[in-house]
Amino acid sequence: MGFNCGIVGLPNVGKSTLFNALTATQAAEAANFPFCTKEPNIGRVGVPDPRLLRLAEIAKSAKTIPTQLEFVDIAGLIRGASKGEGLGNQFLANIREVDAVAHVVRCFESGDVVHVDGGVDPLRDIETVETELMLADLDSLERRTVAAQKRAKTGDKEAKALVPLMERLLEGLREGRPARAVAVGDDERPLLQPLQLLTAKPVLYVCNVDEGSAATGNPLSERVAERAAAEGAGCVVISAEIEAQVAQLADAGEKREYLAALGLEETGLNQVIRAGSALLDLITFFTVGPKEARAWTIHRGATAPEAAGVIHTDFQRGFIRAETIDFESFEALGGEQACKDAGRMRQEGKEYVVQDGDIFHFRFNV
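From a predicted model like this one, the values you see are computed outputs, not experimental measurements.

Rules and cut-offs
Residues numbered from 1 in each chain as written. Predicted model: local features only at pLDDT ≥ 70, side-chain atom pairs only at ≥ 80, totals over all residues. Heavy atoms only, no water. Phe/Tyr/Trp six-rings, centres within 6.5 Å; stacked < 30°, edge-to-face > 60°. Lys NZ or Arg CZ within 6 Å of the ring centre and 35° of its normal. Pairing = 2+ DSSP bridges. Helix = DSSP H or I, 4+ residues; strand = E, 2+ residues; numbered from the N terminus. Axes fitted to C-alpha atoms, helices over the stretch in contact; angles between N-to-C directions. 1 Å grid on protein atoms, 1.4 Å probe; cavity = no way out; pocket = protein on both sides within 12 Å on 5 of 7 lines; lining within 4 Å. Points joined across faces, edges and corners; volume = space filled by probe spheres on them. Nonpolar A, V, L, I, M, F, W, Y, C, P; charged D, E, K, R; others polar. Contact = heavy atoms within 4.5 Å. Buried < 20%, exposed > 50% of the residue type's maximum accessible area, 1.4 Å probe, protein only. Arc of directions from axis to C-beta. Parallel < 35°, antiparallel > 145°, perpendicular 65-115°, else oblique. Left-handed = near helix turned anticlockwise from the far one by under 90°.

**Student:** Quick question: what am I supposed to make of the packing of aromatic side chains here?
**Tutor:** Note on aromatic pairs: each is described by the distance of the centres and the angle between the planes. Across all of its chains, the model carries 7 aromatic pairs by this definition. Here a set of aromatic residues connected by ring pairs shows up, and it is made of Phe285, Trp296, Phe319, Tyr352, Phe360 and Phe362. Note that Arg106 overlies the ring of Phe108, its terminal NZ or CZ placed 4.5 Å from the centroid.

**Student:** I would appreciate a short explanation of the sheet that holds strand S6 (residues 203–208) in the present structure.
**Tutor:** Taken in spatial order, the 6 strands of this open sheet run S2-S4-S1-S5-S6-S7, and their pairing is mixed. Looking at strand neighbours, the two that pair on one side only are strand S2 (41–46) and strand S7 (234–238), the edges of this open sheet. Pairwise comparison of adjacent strand axes, ignoring direction, gives a mean angle of 25 degrees for this sheet. Alignment of S6 against S7, held across 5 bridges, turns out to be parallel. The residue bridging Leu204 from the neighbouring strand is Gly234, located in S7.

**Student:** I'm lost on empty space enclosed by the protein in this one. Help?
**Tutor:** Gaps left between atoms show up when a probe the size of a water molecule is rolled over them. In this structure the tally under the stated criterion is 3 cavities of 30 Å³ or more. The calculated volume of the largest cavity comes to roughly 80 Å³. As for the largest cavity, its lining consists of Val8, Val101, His103, Ile126, Val129, Glu130, Leu133, Arg180, Leu198, Lys201, Val203 and Tyr205. Contributing elements (two or more residues each) for the lining of the largest cavity: strand S5 (100–106), helix H4 (122–153) and S6. Tallying contributions element by element places H4 first for the lining of the largest cavity, with 4 residues. Considering only residue class, the lining of the largest cavity consists of 8 nonpolar, 1 polar and 3 charged. Its volume calculated, the second largest cavity comes out at about 40 Å³. If you trace the second largest cavity, you find it lined by Ala214, Val237, Ile238, Ser239, Ile242, Glu243, Leu264, Glu266, Thr267, Gly268 and Gln271. Elements represented by at least two residues in the lining of the second largest cavity include exactly S7, helix H8 (240–247) and helix H10 (268–280). Residue classes in the lining of the second largest cavity are distributed as 5 nonpolar, 4 polar and 2 charged.

**Student:** Sorry if this is basic, but what is going on with the side chain of Thr267 here?
**Tutor:** With respect to the element layout, Thr267 can be found in the loop between helix H9 (252–261) and H10. Residue contacts for Thr267: discarding those within four places in its chain leaves Glu243, Val246 and Leu259.

**Student:** Honestly, H8 in this entry has me stumped. Any pointers?
**Tutor:** Because each turn of an α-helix spans 3.6 residues, side chains separated by three or four positions end up pointing in the same direction. Residues of H8 that are buried: Ala240, Ile242, Glu243 and Val246. Down the axis of H8, the buried set is contained in an arc of 155 degrees. They therefore lie on one face. Next to the buried residues of H8 lie helix H1 (15–23), S6, S7, H9 and H10.

**Student:** Explain unusual backbone geometry here, please?
**Tutor:** Outside of glycine, negative phi angles account for most residues, and trans bonds account for most peptide bonds. Not every positive phi belongs to a glycine, and Lys60 is a case in point at roughly 55 degrees. You can see Lys60 is positioned in the loop between helix H2 (50–59) and strand S3 (63–65).

**Student:** What should I look at first to understand the packing of H8 against H9 in this one?
**Tutor:** A pair of packed helices is characterised by two quantities: the angle between their axes and the separation of those axes. Relative to each other, H8 and H9 sit at 155 degrees, their axes nearing to 10 Å. Classified by the interaxial angle, the pair formed by H8 and H9 is roughly antiparallel. For the crossing formed where H8 meets H9, the hand is right-handed. Residues Ile242, Gln245 and Val246 of H8 lie in contact with H9, whose contacting residues are Lys255, Tyr258 and Leu259.

**Student:** Even after reading the chapter, I still don't get the environment of Ala247, so can you show me in this structure?
**Tutor:** Looking at where Ala247 falls in the secondary structure, it is placed in helix H8. Through-space distance from the C-alpha of Ala247 to that of Ala21 is 5.5 Å; in sequence the pair is 226 residues apart.

**Student:** Whenever I open this one, the layout of surface pockets confuses me. Can you help?
**Tutor:** For the largest pocket, the calculated volume is near 980 Å³. Listing elements by their share of the lining of the largest pocket, those giving two or more residues are helix H6 (189–192) and H10. Residue contributions to the lining of the largest pocket peak at 3 residues, all from H6. Of the residues belonging to the lining of the largest pocket, the class tally is 15 nonpolar, 5 polar and 9 charged. Looking at the second largest pocket, its volume works out to about 500 Å³. Looking at the second largest pocket, it is lined by 20 residues, and the ones nearest its centre are Pro48, Lys255, Thr267, Leu269 and Asn270. Contributing elements (two or more residues each) for the lining of the second largest pocket: H1, S2, H8, H9 and H10. Per-element tally for the lining of the second largest pocket: the top contributor is H9, with 4 residues. Within the lining of the second largest pocket, the residues separate by chemical class into 11 nonpolar, 3 polar and 6 charged.

None of the figures reported here should be taken as evidence of function without further support.
So, in structure tokens, the structure goes:
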């Protein structure tokens, strides 16, 4: 399990250029006019993790399999999308299916790339997209709340539990607050997810800057970063043009040299992955053997049986125990047998909470 991230934003902000670069494909046609992207393009990339390569080296694994990150390039949104303007209905339907939203915001001036609103103002652009999403949520939630209230009056237990949450969400949306800004109790979270509210999804703002600002950002991206901090959202600064150029370099050494010349330590892909993982509170565990070293992703707080279930449902259903080694011990001692000899392999049961970097052998019986 990786995570599924929808790339959204107004037309001509660099969404498709970024998508092409991140997935190292030309699957999304990038052009300087609105609605260039009509159908959502999907690209999957391996999540780079130096720990995986180190584990494979120590265990002499025949191959390495990183966990996967899925990007979905969604059609550009305009004002009126919540009422079906442009490709609004399609945009809103596609965004409901993703785990998180990477909101690409234009933070560069260019006479060669037109802006749908005639000028560059990232905060205005964010408000445009956010307003349309809130209007769509408001319309959907108002209709569903009326139906739930009717069911609650008949004694429906689920509706009785749901109505207070829906009414609180409605109040927030009417005040101009996205659903993710409304307080939701731990006991209410299972009720929130089925509502599929667009503004309940965590947001990562991706500030697309000019090449000269990629290392330090600029005044436009700083305004976005301030907003992100205020609302608890993620924020990264990248240059889609630089990412496109890096994607064309096949040699890893050439990529490092090119990035270093621009004052950059890593690609935008790494930044997006790290920020997105933090946003969704994801961690990585590993399975290692002579055939393969493999990385798996799971939400923080998951138990050992739940981790086993990521690999195969039978592993979770028949879970007995997890033979566990932490990455640091595996690396320091030089492999599984050395960890066993040193007493660093632990036997963990059903209540064990997975830690980032855990290496597992699952024992199960179905």
